[in-house]
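Chains, contacts and geometry: an overview
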Amino acid sequence: MTTDLSATPLKKEKHHRAREGKSSLPVVLSVSDLDVTFVEETGELKVLRNINFDIYEHQFVCLLGPSGSGKSTLLRVLSDLLPPTKGTATYPHATQPKISYVFQDANLLPWRTVLKNITLPLEIAGMDAKLADEKAMQLIHLTNLQGFENSNPQDLSGGMAQRVAIARALIQEPDILLMDEPFGSLDALTREKMSGELLNIWQEQRITVLMVTHSISEAILLSDRVLVITPRPGCITLDLEINLPRPRNDDMRFTPPFGELARLLRSSIQA
């Protein structure tokens, strides 16, 4: 399920200077020399190797790469669900960062309505029920779920269920939103529609996002930057700025600059 993972991060620093040449915005997340190796009966399995990147406030960053390259493992480390074998993941300006996580499956509680699924994190935190409902209704309108607030999850389409999951994550007002292939289980047309809706939500909220995807087109449409990760053991081989103007829309997929960015990303993945 989408949860508030605000546990103590792997390492905290009071001061952090952004890596040169990237951004003048505050660093929300900094990953340095990070490795992950699993010990199995057949020996060691090196999943991630020498991962280094910063994510800045309000950025939308996509992590793009083939299946099995360690993308989901990296998100588990960043959410403090898995310790790294080596290196650090730090949240320099938050002593107890709020981290929300959206998985590929919506993981809604079937016995709770749309409204009550969204308010669940606030209920757990002890917020007044009336105030929690008011905040949830704002997000129901933002995610175009109005009219379905009293529906149960089994009455929703896959895309609508993922909108509920995104609203449940946003209601926590996270410092960073981690998204692990959130539209991967949807058909192609629904996925494109959901990408457009996520783009609109982000342009309204401007929260900091790190999203795993296999879709080059989706990564370009949504992102300020795309990080390309290699097959296992995964390492970052390209940190590409997406310099398309904002606000963006689906029509940009058919423009020459979009096509050139797609070519660069495809060449990097194939290399």
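What counts, and at which threshold
Residues numbered from 1 in each chain as written. Predicted model: local features only at pLDDT ≥ 70, side-chain atom pairs only at ≥ 80, totals over all residues. Heavy atoms only, no water. pLDDT = per-residue confidence, 0-100. Contact = heavy atoms within 4.5 Å. Pairing = 2+ DSSP bridges. Helix = DSSP H or I, 4+ residues; strand = E, 2+ residues; numbered from the N terminus. Axes fitted to C-alpha atoms, helices over the stretch in contact; angles between N-to-C directions. Expected span 1.5 Å × (residues − 1). Polar contact = N/O pair within 3.5 Å; in protein donor to acceptor, adjacent residues only side chain to side chain. Buried < 20%, exposed > 50% of the residue type's maximum accessible area, 1.4 Å probe, protein only. Core = buried A, V, L, I, M, F, W, Y, C linked by side-chain atoms within 4.5 Å. Parallel < 35°, antiparallel > 145°, perpendicular 65-115°, else oblique. Left-handed = near helix turned anticlockwise from the far one by under 90°. Nonpolar A, V, L, I, M, F, W, Y, C, P; charged D, E, K, R; others polar.

1. What to know about the confidence of the model for the chain
- Chain-level statistics for the chain give a pLDDT mean of 89 and a share of 92% at 70 or above.
- Contacts of residues 1–21 to residues separated by more than four positions or lying in other chains number 61 contacts, the stretch itself having pLDDT below 50.

2. Some remarks on the sheet that holds strand 4 (residues 86–90)
- Read from one edge of the open sheet, three strands run 2-1-4, paired in antiparallel fashion. Looking along the sheet, the strands with just one partner apiece sit at the ends: strand 2 (43–56) and strand 4. Strand after strand, the sheet turns through a mean of 20° between neighbouring axes, direction not considered.
- With four bridges joining them, strand 1 (residues 27–40) and strand 4 adopt antiparallel strand pairing. Bridging from a neighbouring strand, S32 pairs with T88 of strand 4.
- Seen against the sheet, helix 1 (residues 71–78) touches strand 1, strand 2 and strand 4 and runs at an angle of roughly 115° to strand 1.

3. What to know about helix 5 (residues 188–205)
- Spanning 18 residues, helix 5 covers 25 Å between terminal C-alpha atoms, matching the ideal 26 Å at 1.5 Å per step.
- Close packing links the buried residues of helix 5 with strand 3 (60–64), helix 3 (129–142), helix 4 (158–170), strand 6 (176–180), strand 7 (209–213) and helix 6 (216–222).
- The distance from a side-chain oxygen at the start of helix 5 to the backbone nitrogen of L189 is 3.2 Å, and the residue carrying that oxygen is D187.
- At the exit of helix 5 stands R206, carrying a positive phi of roughly 55°.

4. Describing the environment of P182
- Structurally, P182 can be placed in the loop between strand 6 and helix 5.
- A relative accessible area of 1% means that P182 is categorised as buried.
- The spatial distance from the C-alpha of P182 to the C-alpha of V27 is 24 Å, given a sequence separation of 155 residues.
- Dropping the residues within four chain positions of it, P182 is found in contact with V102, F103, Q104, Q162, M211 and V212.

5. What about the sheet that holds strand 6?
- The strand order across the open sheet formed by six strands is 5-6-7-3-8-9, and the pairing between neighbours is mixed. Of all strands in the sheet, those bounded by a partner on one side alone are strand 5 (99–102) and strand 9 (236–241). This sheet shows a mean twist of 15° between the axes of neighbouring strands, independent of strand direction.
- Relative to strand 7, strand 3 runs parallel, the two sharing five bridges. Bridge pairing in strand 7 links L63 to V212.
- Sheet strands touched by helix 4: strand 5 and strand 6. Its angle to strand 5, the strand with the most contacts, is close to 175°.

6. Some thoughts on the pairing of strand 9
- The pairing of strand 8 (residues 225–229) with strand 9 spans five bridges and is antiparallel. Within the sheet, the bridge partner assigned to L227 lies in strand 9 and is D239.
- Hairpin remark: strand 8 followed by strand 9, antiparallel, with six residues in the connecting loop.

7. Considerations on the nonpolar core
- Core analysis: the largest hydrophobic core is formed by 52 residues, its most contacted members being M211 and I220.
- If you tally residues by element for this core, the top one is helix 4, at eight residues.
- Sequence-distant contacts of M211, that is, excluding residues within four places in its chain, are made with F60, V61, C62, L63, M179, P182, F183, L198, E218 and L222.

8. What about the packing of helix 4 against helix 5?
- Between helix 4 and helix 5, the least distance of the axes is 11 Å, while the angle of their chain directions is 25°. Our classification of the angle between helix 4 and helix 5 gives roughly parallel. Every pair of crossing elements has a handedness; the one defined by helix 4 and helix 5 is right-handed. Residues G159, Q162, R163, I166 and L170 of helix 4 touch helix 5, and the partners they reach there are T190, M194, E197, L198 and I201.
- Within the contact of helix 4 with helix 5, the residues separate by chemical class into five nonpolar, three polar and two charged.

9. Quick notes on the environment of I176
- Position of I176 relative to the elements: it lies in strand 6.
- Taking relative accessible area as the criterion, I176 reaches 0% and is therefore assigned buried.
- As for I176 and L227, which are separated by 51 residues in sequence, their C-alpha atoms are 17 Å apart.
- Those residues in contact with I176, other than ones at most four positions away along the chain, are V28, L29, Y91, K98, I99, S100 and T208.

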